[in-house]
Amino acid sequence: MTTAETVLAPARTEPATARAVFRGGQRFQHGGWFVAPFLTLFAVFVIWPLVRGVHLSLTDANITGTGERFIGLDNYREALRDPLMWDALGHSAYFTLLVVPCITVLAFLLAMLAHHVERGQWLWRLCFFMPFLLPSTVAGNLWQWLFNPGTGMVNHVFGLQTPWLTDASYAMPAIVIETLWWTVGFSFLLYLAALQSIPAHLYEAAKLDGAGAWQRTVHITLPMLRTITGLIVALQILASLQVFDQAVVMMDFGPGPENSTRTFVQYTLEEGFTSYRVGYASAISVIFFVIIAAVALARMWLLRNRTEEAAR
């Protein structure tokens, strides 16, 4: 290339670059019309309520809409010293500790059963997943009747006299049992899909090497399901911390015996719509949002570290 060609080369590429930028801008402009409805709804129903909630948490607003006097961080200081808030958070954490391990193990066992059964697979899958399709109020009312100490089927079948819904020692376990029955179908479906994606030749090679069913499960199935297990655990933690529907319905919209089933979301609702303290309820909601976000970020950090270790 001569000196003249070298000097003129950038000038020759500039029109092409300009055309590419212009075309890219056109594509972005056209694509923007497709995402505009979603972005509008997201801004109206997610971003604006979040911003509005943070603003209300800094005021003494009430449910009537009057007032909203700016008080700074007073609501947050009160919340951190509020024993009822910490009790409600403890109940939600206790519920999460009970539900997450149980539902993970149960979903795995049900998926293994449905995957390896030879006849009537569709029936097993339908039976395990169908409860998940029920509304929360239907599932809650159904198990409220089953746990009734006088006419309930649970005590009648097992010959018990357990006051499931009226004793503080049994109220939360009763809600856990109802939640397992109601929501295990979602995790079961994820496990079943993951099991079907495991290559069959891995099991065939293990059989040729003399590995039994237990060894194939431990050394092939469980490692191959590690990613989906992490996803299920993360989703169940986030969902369990936000428990509300089943606890409220089964306890007739109350906090349960000795306030033993009052969850964090329920306490927030009581402060906002029973005590009419919208500003304080907003502050509690912001605190809960920070907790949920911290759990989600921790999960992402752990997943990234595992991915980097596997890549090494």
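Here's what I pulled together on the structure shown here. None of these values were measured; they are calculated from a predicted model. (Residues numbered from 1 in each chain as written. Predicted model: local features only at pLDDT ≥ 70, side-chain atom pairs only at ≥ 80, totals over all residues. Heavy atoms only, no water.)

### Here we look at the overall build of the protein
So, step 1. Scanning the protein for helices and strands turns up 13 helices and zero strands.
So, step 2. Starting at the N terminus, the α and β elements of the protein follow one another as α-α-α-α-α-α-α-α-α-α-α-α-α.
So, step 3. Within the protein, the proportion of its 312 residues that are buried is 35%.
So, step 4. Long-range contacts, defined as pairs at least 24 residues apart, comprise 66% of the intrachain contacts of the protein with a sequence gap of at least 6.
So, step 5. Surface exposure of the protein reaches about 19,200 Å², of which carbon and sulfur atoms provide 69%. (Helix = DSSP H or I, 4+ residues; strand = E, 2+ residues; numbered from the N terminus. Buried < 20%, exposed > 50% of the residue type's maximum accessible area, 1.4 Å probe, protein only. Contact = heavy atoms within 4.5 Å. Areas by Shrake-Rupley, 256 points an atom, 1.4 Å probe, with all protein chains shown as cover.)

### Regarding the pattern of salt bridges
So, step 1. Taken as a whole, this structure holds six salt bridges when the rule is applied.
So, step 2. The salt bridge involving D60 is made with R69; its shortest N-O contact spans 3.3 Å.
So, step 3. A relative accessible area of 31% means that D60 is categorised as partly exposed.
So, step 4. On the basis of relative accessible area, R69 is assigned to the exposed category, the value being 54%.
So, step 5. Among the ionic pairs, R77 bridges to D74, the shortest N-O distance being 2.7 Å. You can see R77 and its partner D74 sitting in helix α2 (residues 74–80), three residues apart, about one turn around the helix.
So, step 6. The exposure class of R77 is partly exposed, given its relative accessible area of 43%.
So, step 7. Overlapping salt bridges bring together E78, E271 and R277 as one network. (Salt bridge = Lys/Arg side-chain N within 4 Å of Asp/Glu carboxyl O.)

### Overview of the environment of Q196
So, step 1. For Q196, the location among the structural elements is in helix α7 (residues 168–196).
So, step 2. Overall, the relative accessible area of 44% leaves Q196 in the partly exposed class.
So, step 3. C-alpha of Q196 to C-alpha of A111: the two residues are 85 residues apart in sequence and 9.9 Å apart in space.
So, step 4. Dropping the residues within four chain positions of it, Q196 is found in contact with H115 and R125.

### Re unusual backbone geometry
So, step 1. Its identity is not glycine, yet F253 carries a phi of approximately 65°, on the positive side.
So, step 2. On the secondary structure map, F253 appears in the loop between α11 (245–250) and α12 (264–273).
So, step 3. If you check the backbone angles, Y276 has positive phi at about 65° while not being a glycine.
So, step 4. Examined against the element boundaries, Y276 turns out to sit in the loop between α12 and α13 (278–311).
So, step 5. We classify Y276 as partly exposed; its relative accessible area is 47%.

### Some remarks on the nonpolar core
So, step 1. In terms of nonpolar packing, the biggest core is built from 39 residues, with F95, F147, L165, F188, Y191, L225 and M250 touching the most fellow members.
So, step 2. Elements with a minimum of two residues in this core: α3 (83–116), α5 (136–146), α7, α8 (200–208), α10 (226–241) and α11.
So, step 3. For this core, the leading source of residues is α7, giving twelve residues.
So, step 4. If we ignore the near neighbours within four places in the chain, the residues touching L225 are F108, Y191, A194, L195 and I198.
So, step 5. Counting 15 residues, the second largest nonpolar core, distinct from the first, contains A283, V286, I287 and I292. (Core = buried A, V, L, I, M, F, W, Y, C linked by side-chain atoms within 4.5 Å.)

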